[in-house]
Amino acid sequence: NSFVTRTSTCGELRSAHVGQEVTLYGWIQYQRQGLFLVLRDFQGLTQIIIPQDEAHSHVKKLLSNAPVESVVRVTGIVSPRPPGQENPKMTTGDIEVKAETAEILNSCKKLPFEIKDFTKKSEALRMQYRYLDLRSFQMQYNLRLRSQIVMRMREYLCNLHGFVDVETPTLFKRTPGGAKEFLVPSREAGKFYSLPQSPQQFKQLLMVGGLDRYFQVARCYRDEGSRPDRQPEFTQIDIEMSFVDQAGIQRLIEGLLQYSWPEERGSITTPFPSMTYEEALSDYGTDKPDTRFGMKIVDIGDFLQRLDIQFVQNALSCPRGTVRAICIPHGVRYLKNKDLESLKESAKSQFNQEIMEIICRPDGSLKSLLTKFLGEKQQSELIQALNMQVDDVVLLAAGEHKQVCSALGSLRLESADLLEAAGLVLRDPTAFHFLWVVDFPLFIPKEENPTELESAHHPFTAPHPSDTSLLYSDPSKVRSQHYDLVLNGSEVGGGSIRIHSAERQRFVLEKVLKEDSEVLSHLLEALEFGAPPHGGIALGLDRLISLIVDAPSIRDVIAFPKSFRGRDLMGNAPDYVTPEELEPYHIQVSWPLAEKEAKQN
């Protein structure tokens, strides 16, 4: 209550305060028949008794007629609640305040929705009236917890480990590769700034500048269009260190998360487990595995290879051909036929992958198109290989390794959702499973032209020490010193050890990626002036906080987010500007004809 005119907040009064005169400020959450109201502020709720005697008739009239969500000041005496009327659900439930004087500081007009958390309201409406949505308990909790976690991270990095908090520019130039960047016009004809998708180049240049340890709560920008649960502007905990290896960065981040982790979410155990990219893909079908539940992908190629089954032989004869499966526990009991059909359709439409199902009947026999190729002994061996129990359903796929694993990895998550929707709990909502994924490929084939390569992470990532010679002979086989941090199946961080040799960086840009290195001439030149070995990482703060508070969307942990189409529904941005405002930037808008007519009308 420092610096303000209240004596107490609405969440702090207890039996020990009985008899004291207090002044409270807040919003009217609820009012009942002119007898009492509930006052709310950022800290909690207090019940206010409206006086009924003639001497306080003006106070009664004022408080009885004030609309819900009006802002009021109330001065009164703290009293114990009558026996039997205590409310254990309220932290202030043992007391009430008998109002002596009151003032309406600002009346509230008719609300577009109730502020109560349990009121169903559309997300578009919440974002249009975000300042009202922020009054809800959950939004208050999310933003305050976010603030506390960031403060603890600053303490850990700056106070305990000597990091320097440096702000880097928002207006810069285009970076080759990576996500699309927002362009900002300049007054020089034809020249544009770019908003950085991360402070990547600046943090490397800070290492060249000898700062040794850099940290920033960094605003980042990506023009990714309509992508659900992505934001065009987002926040990273951005970190870079000199003279460090991969293990050093990992230890730092584990310590940082342990130090800043909220007490009410239990404790987290370090070191976090680690698996290679290849292991993640083979066992979980994704580079961000959710390890809270089993249902791992099983390789049954060796077992089926002995049998004369045409589609199996076809698959295994191809380069990187495989036959794999996942076992859905109690699938018969919890999944309907339409669920199984939708899973198969999903694999077909998303991955062009055919799926065959195998069902374990109550008598232990198998029901599947595959069984006509299997004798009793082989059926029993297959059940053992897949660890099948009665009522389990197996989904089997044959084909190219990455396609098969990716399809089964997607089906693993979809079937987990279906099982949980039907009442089987697979993933503990209170569990936090961190995982490092390492040894990613340094380059991957471009989707639009598979004969060309692009960076799997970004062009500044160093090759794995064991694979350095392959960089010059067969770059597609090079592993990288790139590491991702995964939490409950979501990527919450990614980083790498960087290339600190100008010669090697130029080779990667020009010879492997076929990029114009001129756009990075400042960085290449900096690397020639005695750049130290360095590496770093960025944690996605929005995603991390949303997982900690179990929010359905990252928009629930950002004060003023954009819609999934990248619009600000409250301020109606982006918006049109006049031709006169564009003139200094040498820009003219070429309107599509229909839009032009609509604007004129």
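Since the structure is predicted, the reported quantities are computational estimates derived from the model, not experimental observations.

### Focus: the side chain of Asp339
Turning to step 1, where the next piece is worked out: Structurally, Asp339 is set in helix α11 (residues 337-351).
Turning to step 2, where the next piece is worked out: Buried charge without a salt bridge: Asp339, with Lys336 as the nearest opposite-charge side chain at an N-O distance of 5.2 Å.
Turning to step 3, where the next piece is worked out: From its side chain, Asp339 meets the backbone nitrogen of Lys336 in a polar contact 2.9 Å long.
Turning to step 4, where the next piece is worked out: When neighbours within four sequence positions are excluded, Asp339 is seen to be in contact with Tyr334 and Leu418.

### Points about empty space enclosed by the protein
Turning to step 1, where the next piece is worked out: All told, the structure shown has one cavity of 30 Å³ or more when counted by the stated rule.
Turning to step 2, where the next piece is worked out: When its volume is computed, the largest cavity comes out at roughly 50 Å³.
Turning to step 3, where the next piece is worked out: Along its surface, the largest cavity is lined by Met127, Arg130, Phe560, Pro561, Asp568, Leu569 and Met570.
Turning to step 4, where the next piece is worked out: Here the lining of the largest cavity is built from residues that sort into five nonpolar, no polar and two charged.

### As for the nonpolar core
As a rule of thumb, nonpolar side chains are buried together in soluble globular proteins.
Turning to step 1, where the next piece is worked out: Membership of the largest hydrophobic core comes to 49 residues, with the highest contact counts inside it found for Ile239, Ile253, Leu257 and Leu485.
Turning to step 2, where the next piece is worked out: Per-element tally for this core: the top contributor is helix α4 (residues 137-160), with six residues.
Turning to step 3, where the next piece is worked out: Beyond its immediate chain neighbours, meaning those up to four positions away, Leu257 contacts Met153, Ile268, Phe272, Phe434, Leu485, Leu539 and Leu544.
Turning to step 4, where the next piece is worked out: Counting 31 residues, the second-largest nonpolar core is a separate cluster that includes Cys405, Leu419, Leu426 and Phe440.

### Focus on a negative patch on the surface
Turning to step 1, where the next piece is worked out: A cluster of acidic side chains, namely Glu21, Asp53, Glu54 and Glu100, defines a negative patch on the protein surface.
Turning to step 2, where the next piece is worked out: Assignment of secondary structure puts Asp53 in the loop between β3 (44-49) and α1 (57-65).

### Quick word on the sheet that holds strand β11 (residues 274-276)
Strand pairing in a sheet relies on backbone hydrogen bonds, with the paired strands running either antiparallel or parallel.
Turning to step 1, where the next piece is worked out: With mixed pairing, eight strands are arranged side by side in an open sheet as β6-β9-β10-β22-β21-β20-β17-β11. Strand pairing shows two members of the sheet lacking a second neighbour, β6 (164-165) and β11, which therefore form its edges.
Turning to step 2, where the next piece is worked out: Bridge count for strand β17 (residues 434-438) against strand β20 (residues 482-487) is four bridges, and the pairing is antiparallel. Of the residues in β20, the one forming a bridge with Trp436 is Leu485.

### With respect to the packing of aromatic side chains
Turning to step 1, where the next piece is worked out: On inspection of all chains with the given rule, the structure shows 13 aromatic pairs.
Turning to step 2, where the next piece is worked out: Ring geometry for Trp261 and Phe432: centres 5.0 Å apart, planes at 80°, overall edge-to-face. Placement of Trp261 in the loop between α6 (246-260) and β11 and of Phe432 in the loop between α13 (401-421) and β17 is noted, with a sequence separation of 171 residues between them.
Turning to step 3, where the next piece is worked out: Sitting above the plane of the Tyr259 ring, Arg152 keeps its charged end 4.0 Å from the centroid.
Turning to step 4, where the next piece is worked out: Over the ring of Phe293 we find Arg427, and its NZ or CZ is 5.6 Å from the ring centre.

### Focus on the state of the cysteines
Turning to step 1, where the next piece is worked out: Under the defined criterion, the tally for this structure stands at zero disulfides.
Turning to step 2, where the next piece is worked out: Cys318 takes part in no disulfide bond, and the closest cysteine sulfur to it belongs to Cys405, at a distance of 15 Å.
Turning to step 3, where the next piece is worked out: Considering cysteine sulfurs only, Cys327 is the nearest to Cys360, which forms no disulfide, with 8.4 Å between them.
Turning to step 4, where the next piece is worked out: Taking relative accessible area as the criterion, Cys360 reaches 3% and is therefore assigned buried.

### Brief notes about the domain arrangement of the protein
Turning to step 1, where the next piece is worked out: Taken domain by domain, the protein consists of domain 1 (15-106), domain 2 (141-275 + 434-556) and domain 3 (293-422).
Turning to step 2, where the next piece is worked out: Taking only C-alpha atoms, the centre of domain 2 and the centre of domain 3 are 37 Å apart.

### Brief notes about the sheet that holds strand β12 (residues 298-299)
Turning to step 1, where the next piece is worked out: One open sheet accounts for five strands, arranged β12-β13-β16-β14-β15; its pairing is antiparallel. The open sheet has two edge strands, β12 and β15 (366-367), and neither has a second partner.
Turning to step 2, where the next piece is worked out: Where strand β13 (residues 321-328) meets strand β16 (residues 393-400), eight bridges bridge the pair, whose relative direction is antiparallel. By the bridge assignment, Arg324 is partnered in β16 with Ala397.
Turning to step 3, where the next piece is worked out: α13 rests against β13 and β16 of the sheet, and its axis sits at about 10° to β13.

### Some points on the side chain of Gln353
Turning to step 1, where the next piece is worked out: Residue placement: Gln353 occurs in the loop between α11 and β14 (356-360).
Turning to step 2, where the next piece is worked out: Overall, the relative accessible area of 3% leaves Gln353 in the buried class.
Turning to step 3, where the next piece is worked out: At 3.0 Å, the side chain of Gln353 and the side chain of Gln403 are in polar contact.
Turning to step 4, where the next piece is worked out: Leaving out residues up to four positions away in the same chain, Gln353 has contacts with Ala347, Lys348, Ala397, Ala398, Gln403, Val404 and Ala407.

### Looking at helix α7 (residues 277-284)
Turning to step 1, where the next piece is worked out: Turning to α7, its buried residues are Tyr277, Ala280, Leu281, Ser282 and Tyr284.
Turning to step 2, where the next piece is worked out: Here the buried face of α7 lies against β11, β13, α13 and β17.

### Brief notes about the pattern of salt bridges
Pairs may arise between side chains of opposite charge once their charged atoms sit close together.
Turning to step 1, where the next piece is worked out: Within this structure, the stated rule accounts for 32 salt bridges.
Turning to step 2, where the next piece is worked out: Among the salt bridges present, the one from Glu69 reaches Arg40, with a minimum N-O distance of 2.8 Å. Remark: Arg40 occurs in strand β2 (residues 36-41) and Glu69 occurs in the loop between α1 and β4 (71-80); sequence separation between them is 29 residues.
Turning to step 3, where the next piece is worked out: The class for Glu69 is buried, based on a relative accessible area of 3%.
Turning to step 4, where the next piece is worked out: Under the relative-accessibility criterion, Arg40 is labelled buried at 8%.
Turning to step 5, where the next piece is worked out: Salt-bridge contacts for Glu188 lead to Lys191; the nearest nitrogen and oxygen are separated by 3.3 Å.
Turning to step 6, where the next piece is worked out: Glu188 sits in the partly exposed class, given a relative accessible area of 49%.
Turning to step 7, where the next piece is worked out: Residues participating in the shared-partner salt-bridge network are Arg126, Arg130, Asp133 and Asp556.

Conventions and cut-offs
Residues numbered from 1 in each chain as written. Predicted model: local features only at pLDDT ≥ 70, side-chain atom pairs only at ≥ 80, totals over all residues. Heavy atoms only, no water. Helix = DSSP H or I, 4+ residues; strand = E, 2+ residues; numbered from the N terminus. Buried < 20%, exposed > 50% of the residue type's maximum accessible area, 1.4 Å probe, protein only. Lys, Arg positive; Asp, Glu negative; His and termini not counted. Salt bridge = Lys/Arg side-chain N within 4 Å of Asp/Glu carboxyl O. Polar contact = N/O pair within 3.5 Å; in protein donor to acceptor, adjacent residues only side chain to side chain. Contact = heavy atoms within 4.5 Å. 1 Å grid on protein atoms, 1.4 Å probe; cavity = no way out; pocket = protein on both sides within 12 Å on 5 of 7 lines; lining within 4 Å. Points joined across faces, edges and corners; volume = space filled by probe spheres on them. Nonpolar A, V, L, I, M, F, W, Y, C, P; charged D, E, K, R; others polar. Core = buried A, V, L, I, M, F, W, Y, C linked by side-chain atoms within 4.5 Å. Patch = residues over 30% accessible without salt bridge, like charges linked within 9 Å, V, L, I, M, F, W, Y side chains within 5 Å. Areas by Shrake-Rupley, 256 points an atom, 1.4 Å probe, with all protein chains shown as cover. Charge placed at Lys NZ, Arg CZ, Asp CG, Glu CD. Pairing = 2+ DSSP bridges. Phe/Tyr/Trp six-rings, centres within 6.5 Å; stacked < 30°, edge-to-face > 60°. Lys NZ or Arg CZ within 6 Å of the ring centre and 35° of its normal. Disulfide = S-S within 2.5 Å. Domains from an automatic or database assignment. Axes fitted to C-alpha atoms, helices over the stretch in contact; angles between N-to-C directions.

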